[in-house]
Amino acid sequence: MIDLYTAPTPEGWKVSIALEELRLPYIVHPVDACSDPQLAPDFLRIRPCGCVPAIVDRAAGDHAVIESRAILLYLADKTGRLMPRDEAGRARVEQWLATDLANPLSGGVSVVTRRVTPDPAGNGGASRSELRALFARLDAQLQADEYLAGDFSIADIAQWACVRMHAWSGIDMTPYRALARWIERISARDACRRGVSVPRPFEPAEQVYRVKSILLR
């Protein structure tokens, strides 16, 4: 059994989607960063700074893993699934995991989950041109393959959890036809649909994404 500490954000969805795809039993512990600044002591022992997501693998001696990227790799290695077995394939997956659509200057919230606006002072956020470049890179890869690293993998999970929120960026997706087809393809997966419903939002999503960056990453 795995304990999942999470919130309804792209970073949290990455992990719940993976757990659903891998059919691993897990218990959800929602972290309500919007209304509960005094987080549960058991969670703070795992993640002192209060950031989500985090997991505790009870079947592995209560082994704790933090950060969505590390958790995805841990779960793939634990099960031997959603990760190519050859070194070249694994490298492709890890490269896409490193191509993160979250900008550290955006307050720890994925830039595609909030409307991108120019900042005259140059403080934080991502420009639409930066996002278009990322979308173009994804689109180019998906013109050649149905998935980012050959077969469906944690790379697709990680990117889809963010890119599915593209409407918040205000970018016209018409030029990115392969990317749009991929979004629909992943959206049709039952496990992915279940994963993005974990946990149920505490309040309208727009408010959740504006929470303090120290609590949501």
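What this report covers is the structure whose coordinates are included nearby. Positions within a chain are numbered from 1, following the residues in the order the chain's sequence is written. In keeping with the model being predicted, local features are shown solely for residues with a pLDDT of at least 70 and side-chain atom pairs are shown and tallied solely at 80 or more, while totals for entire chains, interfaces and linings include all residues. Side-chain figures throughout are based on the complete set of non-hydrogen atoms in the structure, without hydrogens or water.

Fitting a line to C-alpha atoms yields each axis, with helices limited to the stretch in contact; the angle taken between N-to-C directions then spans 0 to 180 degrees. Counting from the N terminus, the helices are DSSP H or I runs at least four residues long and the strands are E runs at least two residues long. Interaxial distance between helix 3 (residues 68-79) and helix 4 (residues 87-98) falls to 11 Å at its minimum, and their mutual angle equals 155°. As summarised for this structure, helix 3 and helix 4 are arranged roughly antiparallel, according to the angle between their axes. In terms of crossing hand, the pair formed by helix 3 and helix 4 is right-handed. Touching Arg-69, Leu-72, Leu-73 and Asp-77 of helix 3 are Arg-90, Glu-94, Leu-97 and Ala-98, all from helix 4. Within the contact of helix 3 with helix 4, the residues separate by chemical class into 4 nonpolar, no polar and 4 charged. Here the word oblique covers every angle except those under 35 degrees (roughly parallel), over 145 (roughly antiparallel) and from 65 to 115 (roughly perpendicular). Working rule for handedness: look at the near helix, and if it is turned counterclockwise from the far one by less than a right angle, call the crossing left-handed; if clockwise, right-handed. We call two residues in contact whenever any of their non-hydrogen atoms come within 4.5 Å of each other. For this scheme, ten residues count as nonpolar: Ala, Val, Leu, Ile, Met, Phe, Trp, Tyr, Cys and Pro. Four count as charged, namely Asp, Glu, Lys and Arg, and the remainder, Gly too, count as polar.

Our next topic: helix 6 (residues 154-163). With 10 of its 10 residues buried, helix 6 lies for the most part within the structure. Throughout this description, buried means an accessible area under 20% of the type-specific maximum (1.4 Å probe, protein chains only), exposed means over 50%, and partly exposed covers the range between. Regarding helix 6, the residues found buried are Ile-154, Ala-155, Asp-156, Ile-157, Ala-158, Gln-159, Trp-160, Ala-161, Cys-162 and Val-163. Tucked into the core, helix 6 has its buried residues touching helix 1 (10-22), helix 3, helix 4, helix 5 (128-144), helix 7 (177-187) and helix 8 (190-195). The opening residue of helix 6 is Ser-153, an N-cap whose side-chain oxygen sits 3.1 Å from the backbone nitrogen of Ala-155. Pairs of N or O atoms are called polar contacts if they sit within 3.5 Å, as long as, within protein, a hydrogen donor faces a hydrogen acceptor (for residues adjacent in sequence, only side-chain-to-side-chain pairs).

Another aspect to go through is the environment of Asp-3. Relative to the assigned elements, Asp-3 resides in strand 1 (residues 2-6). Using a relative accessible area of 8% as the deciding quantity, one classes Asp-3 as buried. Asp-3 sits 54 residues away from Asp-57 along the chain, and the two C-alpha atoms are 6.6 Å apart. With sequence-adjacent residues up to four places away left out, Asp-3 is seen in contact with Ile-27, His-29, Ala-54, Ile-55, Val-56 and Arg-58. Of note is the side chain of Asp-3, whose polar atom sits 3.2 Å from the side chain of His-29. Within polar-contact distance, the side chain of Asp-3 engages the side chain of Arg-58 at 2.7 Å.

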